Amino acid sequence: LDSYQQLRQFTADASHELRNPVALIQTNVQAALSDPDSTVQEQRQQLEVIERLTRRLGRLVDDLLFLARQDSGILQPRREMVDFDALVLEVVEEQQLQAREREVVLTLDFDQLPEVCGVIGDRDQLARLCTNLIANALQYTPAAGSVAVALAGEGDRLRLRVSDTGIGIPATALPHLFERFYRVDPARSHVGQRGSGLGLAIVATILESHQGQIAVRSREGQGSCFEITLPIRAE
């Protein structure tokens, strides 16, 4: 019964999230079609809005499929040796453009790396985990702020820390951060960058299948720090 109720809730939430961008796309298309005298600049602006909404819709569908496949057991993570330091470096490099556009300084610290940085798991899922954490930090960090990524060894585990100087999270919201579709406050995200409420739920799902753990520290107005650990595996 519980699983059935969870499925019904998931379906209802997913339908609600999909409806909003689809409706906005339809509105912009109808506006463009109903005004034959619109200028090239006006048409371009409408196309840019549609393109942004389409990308947002694509990300949402991708996230929904990932979680649905995880829940059903269809998506079994691959098991291979992953050089986690190289993976983190790739993700940080990929996020640098986003950081520059937001005027946020994104740094990477490898000063305390252990000799072995291998992790057994699915490389694509681990990359998604790192991307979600870093992109989330960038999203909630205003211009002139900073996001610091640090990878270090901690006994037989690797510790990845993503800390920011952003707007922080209320204490009452911390226990709910990894619930699906949960948002602390949709108005807190930057205009045009409204999240799906699935990013941290996906992080938690990936960590669970990789014997990982996560901890969060945050205070409103003083930034946040997400810290994950994963077991180190030698070749």
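The structure reproduced in this document is the subject of the present report. (Residues numbered from 1 in each chain as written. Predicted model: local features only at pLDDT ≥ 70, side-chain atom pairs only at ≥ 80, totals over all residues. Heavy atoms only, no water.)

## Re helix 2 (residues 40–72)
A turn of α-helix holds 3.6 residues, and therefore any two residues three or four places apart point the same way. Taking 1.5 Å per residue, 33 residues should reach 48 Å; helix 2 reaches 47 Å between its end C-alpha atoms and fits that length. Along helix 2, the residues that are buried comprise Gln46, Ile50, Leu53, Arg56, Leu57, Leu60, Asp63, Leu64, Phe66, Leu67 and Gln70. Within two residues after helix 2, Gly73 carries a phi angle of roughly 85 degrees, on the positive side. (Helix = DSSP H or I, 4+ residues; strand = E, 2+ residues; numbered from the N terminus. Expected span 1.5 Å × (residues − 1). Buried < 20%, exposed > 50% of the residue type's maximum accessible area, 1.4 Å probe, protein only.)

## Regarding the pattern of salt bridges
Tallied over the entire structure, the rule returns ten salt bridges. With its nearest N and O atoms 3.3 Å apart, the salt bridge here joins Asp62 to Arg128. Separated by 66 residues along the polypeptide, Asp62 in helix 2 and Arg128 in helix 4 (residues 123–139) bring together distant segments of the chain. Note on Asp62: relative accessible area 41%, which makes it partly exposed. Note on Arg128: relative accessible area 18%, which makes it buried. (Salt bridge = Lys/Arg side-chain N within 4 Å of Asp/Glu carboxyl O.)

## Describing the packing of helix 3 (residues 84–102) against helix 4
Contact pair helix 3 / helix 4: the axes reach a minimum separation of 9 Å and the direction vectors enclose 30 degrees. Accordingly, the angle class assigned to the pair helix 3 and helix 4 is roughly parallel. In this structure, helix 3 crosses over helix 4, and the sense of that crossing is right-handed. Counting all contacts with helix 3, which are made through Phe84, Leu87, Val88, Glu90, Val91, Val92, Gln95, Gln98, Ala99 and Arg102, the residues of helix 4 involved are Arg123, Leu126, Ala127, Cys130, Thr131, Ile134, Ala135, Leu138 and Gln139. Residues that form the contact of helix 3 with helix 4 fall into these classes: twelve nonpolar, four polar and three charged. (Axes fitted to C-alpha atoms, helices over the stretch in contact; angles between N-to-C directions. Parallel < 35°, antiparallel > 145°, perpendicular 65-115°, else oblique. Left-handed = near helix turned anticlockwise from the far one by under 90°. Contact = heavy atoms within 4.5 Å. Nonpolar A, V, L, I, M, F, W, Y, C, P; charged D, E, K, R; others polar.)

## Describing the side chain of Arg159
By the secondary structure assignment, Arg159 is in strand 5 (residues 157–164). With a relative accessible area of 13%, Arg159 lands in the buried category. At 3.0 Å, the side chain of Arg159 forms a polar contact with the side chain of Glu154. (Polar contact = N/O pair within 3.5 Å; in protein donor to acceptor, adjacent residues only side chain to side chain.)

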